[in-house]
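Reading the structure
So you can see what is in the structure, the chains are spelled out below.
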Amino acid sequence: MAAVARARRTLEPLFSHLASFLGPTDLHALAHAYTTPRNTTFRLNTLKVDTATTRWPVGDKTSPRSEVLQSVEAALMATSRKPTPRVLPCPFSRNAFMVSHPSIAVKHLAGLPAHKDGRLHFQSWSSMLAPLCVGAQPGWRVLDMCAAPGGKTLMLCEAMRGVGSVVVNEIDAARAARLKRNIDTAGLSDIVRVNVGDGRKLAPNHPAVGGELFDAILLDAPCGGEGIIAMSEPASYKHWSLAWVQKHARLQAGLLAAAHALLKPGGVLTYSTCTLSVEENELVVDGFLERFPDMSIVNLALPLVSDQEVAERYANFTAGFTHHHGQGFPQEMAKALRVFPNEHYEGFFVIRMQKRE
Ligand SMILES: C[S@@+](CC[C@H](N)C(=O)[O-])C[C@H]1O[C@@H](n2cnc3c(N)ncnc32)[C@H](O)[C@@H]1O
């Protein structure tokens, strides 16, 4: 409780800002999320592990999927924690999992052979949502516009079954070098081309694009990061201010405009952030749709709620807002997904749009 109160005091300007659309209960839950460690989550690389045949719980002891999960379970057993932490399934992907106890960090499992050889990737569940929502298909030409360190790029390539072409872009040279290493390690350098530069400068005639437009673009935008604040890491919140939010909103608008010019007619553009402010989410999208009337909001490619049992696991998922501060947005904005941060999820926003044929 003291930690929650301290978070509210330290982040008072942020909480006042968010109070324009979050009620007292949500604000309290948010402060709690900022002070609570998140469980370690991971996913299997479907290009390296055949996950098609087995279902949870791990019944078939001989499947490659079971082999990786059993190696995780053995490592958890070796931590001697009581009760022994377990591997839990993810409600929206059968290839994603969570360790049941938050005291188990990535460092406890990073030595696993399956991690070293790229069969298993540690990644937050929220971050997995965006590439799944793109709906990339084998043979597509895809752009990942702000890509480092590349967790989402790898998932796009997996969705494409390694067939097609992917251009990834990143402005920060050091982060781009890490992105390139991750692509090389995953054995995907044949289909992925890395460009280092400002995404706003990408245009159809840019050498990295070569005049060929894209079937799908993922803009996982630089943002204010309100969904990934951790009080234990002051770097995650020390820059926050209203000016910081507005600066990101301008950058996001510029990136979206560049993405529009790079998209084929009929192509899909997925926009995501790990922040909560409407200014960087619905408002940016609303401004984009007004500027480019040939774009419309479409369903996310990931069917998230298939039955009641699953629906109950998504208490922290809501639809995009259709109005804010008296301003109405298109009704289709409700097709966006907002993820509220908690001990399992980072805060996240994702929406998918399509260009008219
Ligand atoms: C949210 S992170 C991307 C995370 C990445 N999609 C992943 O899943 O690993 C946003 C990235 O955008 C980069 N960035 C910031 N401004 C940019 C710009 N103008 N053009 C391209 N990339 C930019 C940042 O350096 C950062 O790596």
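This one's a predicted model, so the numbers in the text were calculated from it and none came from an experiment.

**Focus on the domain arrangement of the protein chain**
Under the domain assignment used here, the protein chain contains domain 1 (41–123) and domain 2 (126–355). On a C-alpha basis, the centroid separation for the pair domain 1 and domain 2 is 26 Å. With 14 residues of domain 1 at the interface, the matching set in domain 2 holds 22 residues. Taking both partners together, domain 1 and domain 2 bury about 1,500 Å²; carbon and sulfur atoms supply 63% of that area. R43 is paired through a salt bridge with E158; the nearest N and O atoms lie 2.6 Å apart. Inspection of the domain 1/domain 2 interface yields four residue pairs in polar contact (both at pLDDT 80 or more). Breaking the side of domain 1 that touches domain 2 down by element, the ones donating at least two residues are β1 (41–44) and β3 (96–99). The dominant element in the side of domain 1 that touches domain 2, judged by the number of residues it contributes, is β1, at three residues. Along the lines of polarity and charge, the residues of the side of domain 1 that touches domain 2 split into seven nonpolar, five polar and two charged.

**Notes on the site of the ligand**
Around the ligand there are 21 residues in total, and G150, E170, R175, G199 and D220 lie nearest to it. Within the backbone of A148, one N or O atom sits 3.4 Å away from an oxygen atom of the ligand. P149 has a polar backbone atom sitting 3.2 Å from an oxygen atom of the ligand. Out of a free accessible area of 600 Å², the ligand has 86% covered by protein chains. When contributions to the shell around the ligand are tallied by element, the ones reaching two or more residues are α8 (151–159), β6 (165–170) and α10 (242–262). Here the residues of the shell around the ligand sort into 10 nonpolar, five polar and six charged.

**Details of helix α11 (residues 282–291)**
All of the buried residues along α11 are E282, V284, V285, D286, F288 and L289. Those residues of α11 hidden inside the fold are in contact with α10, β9 (263–273), β10 (295–298), β13 (327–328), β14 (337–339) and β15 (348–355).

**Overview of the pairing of β3**
Every second residue of β3 is oriented toward a common face, with A96 and M98 on one face and F97 and V99 on the other, all of them buried. Pairing between β1 and β3: three bridges, direction antiparallel. Paired with R43 across the strands is A96, a residue of β3. Two successive antiparallel strands, strand β2 (residues 87–89) and β3, enclose a turn made up of six residues.

**A few points about the packing of aromatic side chains**
Overall, the coordinates contain nine aromatic pairs when judged by the stated rule. Relative to F122, the ring of F42 lies with its centre 6.4 Å away and its plane at 70°, an arrangement referred to as edge-to-face. With F42 in strand β1 and F122 in strand β4 (residues 120–122), this pair connects stretches of sequence that are 80 residues apart. Exposure class is identical for F42 and F122. Each is buried.

**A word on the pairing of strand β8 (residues 214–220)**
For β8, the tally of buried residues reaches seven of seven residues, placing the bulk of the element in the interior. Taken together, the three bridges between strand β5 (residues 141–144) and β8 define a ladder with parallel strand orientation. Bridge pairing in β8 places V142 opposite A216. One ladder, built from six bridges, connects β8 with β9; its direction is parallel. Paired with L218 across the strands is T270, a residue of β9.

**Focus on the packing of helix α1 (residues 2–10) against helix α3 (residues 24–35)**
For the pair α1 and α3, the least separation of the axes is 9 Å and the interaxial angle reads 105°. The orientation of α1 with respect to α3, classified from their angle, is roughly perpendicular. Contacts between α1 and α3 involve A3, V4, A7 and R8 from the first element and L27, H28, A31, H32 and T35 from the second. Residues of the contact of α1 with α3, tallied by class, amount to five nonpolar, three polar and one charged.

Cut-offs applied
Every chain begins its residue count from 1, and numbering advances along the sequence as written. Only residues with pLDDT of at least 70 get local features here, since the model is predicted, and only at 80 or more are side-chain atom pairs given and counted; chain-wide, interface and lining totals rely on the full set of residues. The side-chain quantities take in all heavy atoms of the structure and omit both hydrogens and water. All the domain ranges listed were derived from an automatic or database domain assignment. Contacts: residue pairs with any heavy atoms within 4.5 Å of one another. By buried area we mean how much accessible surface two parts lose on assembly, using a 1.4 Å probe and totalling the loss over both. Here a salt bridge means any side-chain nitrogen of Lys or Arg lying within 4 Å of a carboxyl oxygen belonging to Asp or Glu. For this analysis, a polar contact is any N or O atom pair within 3.5 Å, provided that within protein one partner can donate a hydrogen and the other can accept it, and provided that sequence-adjacent residues contribute only side-chain to side-chain pairs. What counts as a helix is a DSSP run of H or I of at least four residues, what counts as a strand is a run of E of at least two, and both are numbered from the N terminus. When residues are sorted by character, Ala, Val, Leu, Ile, Met, Phe, Trp, Tyr, Cys and Pro go into the nonpolar class, Asp, Glu, Lys and Arg into the charged class, and all the rest, Gly among them, into the polar class. When we say a residue is near a molecule or strand, we mean one of its heavy atoms is within 4 Å of it. Using the Shrake-Rupley algorithm and a 1.4 Å probe, accessible areas are obtained, with residue cover drawn only from the displayed protein chains. Burial classes follow relative accessibility: with a 1.4 Å probe on protein chains only, a residue under 20% of its type's maximum area counts as buried, one over 50% as exposed, and anything between as partly exposed. The pairing criterion for strands is at least two bridges between them, as found by DSSP. The aromatic pairing rule takes the rings of Phe, Tyr and Trp, using the six-membered ring of Trp, and pairs them if the centres are within 6.5 Å, calling planes under 30 degrees apart stacked, those over 60 edge-to-face and the rest tilted. Lines are fitted to the C-alpha atoms to define the axes, a helix being fitted only along its stretch in contact, and any angle between axes, read from their N-to-C directions, falls within 0 to 180 degrees. Note on angle classes: values under 35 degrees are labelled roughly parallel, values over 145 roughly antiparallel, values of 65 to 115 roughly perpendicular, and the remainder oblique.

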